[in-house]
Amino acid sequence: MIATAEFIASREVGLARLAAFTPIAGQHYSSARNYDRGPGQHNSVSQLSPYLRRRLVTEEEAVMAAVRGHGLAGAEKFNQEVFWRTYFKGWLEQRPVIWDLYRDGLQADLDRLENDRDFRKRLDRALAGETRIECFDFWVKELLETGYLHNHARMWFASIWIFTLELPWRLGADFFLRNLIDGDPASNTLSWRWIAGLHTRGKTYQAEAWNIAKFTDQRFIPVEGKLSPVADALVNEEPNGLPPIAAIRKPVLPDQHFSTGLLITEEECRIEALPLSDFNIKTVATLGASHLRSTLPVNTIVRGFELAALADTVERLGCSAQELIANDPKVLLNWAKEANVSQILTGYIPVGPLRDWMKLAQSHLDAEGVSLCEWQREWDALIWPYATAGFFKVKKQIPRILQQLGMPDC
Ligand SMILES: Cc1cc2nc3c(=O)[nH]c(=O)nc-3n(C[C@H](O)[C@H](O)[C@H](O)COP(=O)(O)OP(=O)(O)OC[C@H]3O[C@@H](n4cnc5c(N)ncnc54)[C@H](O)[C@@H]3O)c2cc1C
């Protein structure tokens, strides 16, 4: 046993975590954030990702707190990391085909397992943490038991998975998505692609023994020669390069005159930031959907956090809500019909498994004239248009975007 899960799914706890972290979000974060000191000791990073992923705490709140505490320059590193999250989301919105390729490629990898016993065995050993690469085996257990890994451990893990164990990257990404509480289709898929040399084409990330020893404070000293000395980009997997950029999807906007059902998903748990009083809300529902992350079982820690986050959101709204589960895609239509509402209002559903499911649900809603309306945050609307190539284009805009959002004077 490594440690128990330590994340409590409420906005109050997320805000308390942000408040406790803010004093070290400046110089300390900048110089110490790469050290992975192990479970229970991840004190130099915020561990806010389960909250930010669901917007129990928003990116804007985290960034503005850091600016208030350290000034724009002092908070630069932390803010850039938060912007990486939005960059990845915006990038995937504009290349949704990359998600389709991941999803379909993963299914092909799983199908291959059926007929290849050696491959199955190698995969099972990795998933059980029995590779005899001590650090890797430890991170498997840490992830399964806590639902979290430090960023540097995620990088080493993915690199060892791809270049030393020579396993398909999508099966590793799926293992992360099923077990990370912060599991996010954009950050996860694109980070794995980045390690594999598919995001910044040809540039891979290589896990090296000295680097692991240094940044784990010598907790792990991999034996020289155990890790692959080469990390050749997997560019042959996609010989045609990246797909062209698609326009950012424009969601249907809600009509204030229609009777409305408010739908809460884990994509937007700060739903009270919507101008809810402008709408004639007749009914509220939550939609549990984290099981859609994979066709394989999703960690109960992930499911538990999601359901508790949804319940916390309902409690903050001070209402009661029906608890829906994203299985039968007719469930939204049935709910809307029962409550006699003609539109459903929810937070923007970005590219990923829930969006895939929503497309099915929407076809039933469309057939009966119920509109599905999404609310897009100004934060995303301002940043996503710059997420068309590398991160640099977004990074350059950070001061201007924060000004536009009303950055505090410091
Ligand atoms: C292979 C791999 C898979 C990953 N999968 C996910 C995932 O599924 N979900 C996820 O939220 N992050 C993912 N990340 C990014 C990053 O590792 C986590 O966001 C970070 O470790 C969360 O811990 P923290 O909140 O303590 O981070 P902090 O260092 O405190 O950073 C603050 C916030 O900035 C954002 N952030 C920080 N680093 C990154 C990054 N490299 N990319 C994107 N956002 C970042 C997160 O929202 C994080 O909460 C992945 C990284 C790698 C290398």
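Quick caveat, the model's predicted, so the values are computed rather than measured.

1. Quick word on the overall build of the chain
And step 1. What the chain contains, in helices and strands, is 17 helices and five strands.
And step 2. By the compact-globule yardstick of 22 Å for 410 residues, the chain fits well, its C-alpha radius of gyration being 21 Å.
And step 3. Dimensions along the principal axes, computed over C-alpha positions, put the chain at roughly 70 × 60 × 45 Å.
And step 4. Sorting the 410 residues of the chain into buried and exposed places 56% on the buried side.

2. What to know about the site of the ligand
And step 1. Within the structure, the ligand sits among 26 residues, and Tyr29, Ser46, Gln47, Tyr148 and Asn151 are positioned closest to it.
And step 2. Within the side chain of Tyr148, a nitrogen or oxygen atom sits 2.9 Å from an oxygen atom of the ligand.
And step 3. Here Asp184 contributes a backbone N or O atom positioned 3.0 Å from an oxygen atom of the ligand.
And step 4. In isolation the ligand has 820 Å² of accessible area, and contact with the protein removes 96% of it.
And step 5. Elements with a minimum of two residues in the shell around the ligand: α3 (49-54), α5 (76-93), α9 (151-164) and α11 (185-195).
And step 6. Of the residues forming the shell around the ligand, the biggest block, six residues, is contributed by α5.
And step 7. For the shell around the ligand, the residue count by class is 13 nonpolar, eight polar and five charged.
And step 8. There are two domains that each give the shell around the ligand at least three residues, and those are domain 1 (11-93 + 382-404) and domain 2 (100-237).

3. Description of the domain arrangement of the chain
And step 1. Once the domains are mapped, the chain shows domain 1 (11-93 + 382-404), domain 2 (100-237) and domain 3 (259-375).
And step 2. For domain 1 versus domain 3, the distance between C-alpha centres works out to 27 Å.
And step 3. Listed as interface residues are 13 residues of domain 1 and, on the opposing side, 16 residues of domain 3.
And step 4. Counting the surface lost from both domain 1 and domain 3, the interface buries some 1,300 Å², and carbon and sulfur atoms represent 52% of this.
And step 5. The interface formed by domain 1 and domain 3 holds four salt bridges in total.
And step 6. Between Arg270 and Glu61 there is a salt bridge, with its nearest N and O atoms 3.7 Å apart.
And step 7. Connecting domain 1 to domain 3 are seven residue pairs in polar contact (both at pLDDT 80 or more).
And step 8. Those elements giving two or more residues to the side of domain 1 that touches domain 3 turn out to be α3 and α5.
And step 9. It is α3 that provides the largest number of residues to the side of domain 1 that touches domain 3, a total of four residues.
And step 10. Across the side of domain 1 that touches domain 3, the residue classes tally to five nonpolar, one polar and seven charged.

4. Re the packing of α9 against helix α10 (residues 169-179)
And step 1. Running from amino to carboxyl end, α9 crosses α10 at an angle of 145°, the nearest separation of the two axes being 9 Å. When you trace α9 past α10, the crossing you get is right-handed. Across the interface between the two elements, Arg154, Phe157, Trp161 and Ile162 from α9 touch Trp169, Leu171, Gly172, Phe175 and Phe176 from α10.
And step 2. Across the contact of α9 with α10, the residue classes tally to seven nonpolar, one polar and one charged.

5. Section: the pairing of strand β3 (residues 322-325)
And step 1. With four bridges joining them, strand β2 (residues 280-288) and β3 adopt parallel strand pairing. By the bridge assignment for β3, Thr286 is matched with Glu323.

6. Considerations on unusual backbone geometry
And step 1. Positive phi is not limited to glycine here, since Gln218 has a value of about 65°.
And step 2. Its relative accessible area of 49% is what places Gln218 among the partly exposed residues.
And step 3. With phi around 55°, Asn340 is a residue other than glycine that occupies positive phi space.
And step 4. Looking at the element boundaries, Asn340 is found in the loop between α14 (331-339) and β4 (343-347).

7. Focus: helix α15 (residues 353-367)
And step 1. Taking 1.5 Å of rise per residue, the 15 residues of α15 would be expected to cover 21 Å, and the 22 Å separating its terminal C-alpha atoms lies within 8% of that figure.
And step 2. When we look at burial in α15, the residues that qualify are Pro353, Leu354, Arg355, Asp356, Trp357, Met358, Ala361, Gln362 and Leu365.
And step 3. A positive backbone phi angle near 75° is found at Gly369, which sits one or two residues after α15.

About the criteria used
Residues numbered from 1 in each chain as written. Predicted model: local features only at pLDDT ≥ 70, side-chain atom pairs only at ≥ 80, totals over all residues. Heavy atoms only, no water. Helix = DSSP H or I, 4+ residues; strand = E, 2+ residues; numbered from the N terminus. Rg over C-alpha atoms; globule rule 2.2 N^0.38 Å. Buried < 20%, exposed > 50% of the residue type's maximum accessible area, 1.4 Å probe, protein only. Near = heavy atom within 4 Å. Polar contact = N/O pair within 3.5 Å; in protein donor to acceptor, adjacent residues only side chain to side chain. Areas by Shrake-Rupley, 256 points an atom, 1.4 Å probe, with all protein chains shown as cover. Nonpolar A, V, L, I, M, F, W, Y, C, P; charged D, E, K, R; others polar. Domains from an automatic or database assignment. Contact = heavy atoms within 4.5 Å. Buried area = accessible area lost by both parts, 1.4 Å probe. Salt bridge = Lys/Arg side-chain N within 4 Å of Asp/Glu carboxyl O. Axes fitted to C-alpha atoms, helices over the stretch in contact; angles between N-to-C directions. Left-handed = near helix turned anticlockwise from the far one by under 90°. Pairing = 2+ DSSP bridges. Expected span 1.5 Å × (residues − 1).

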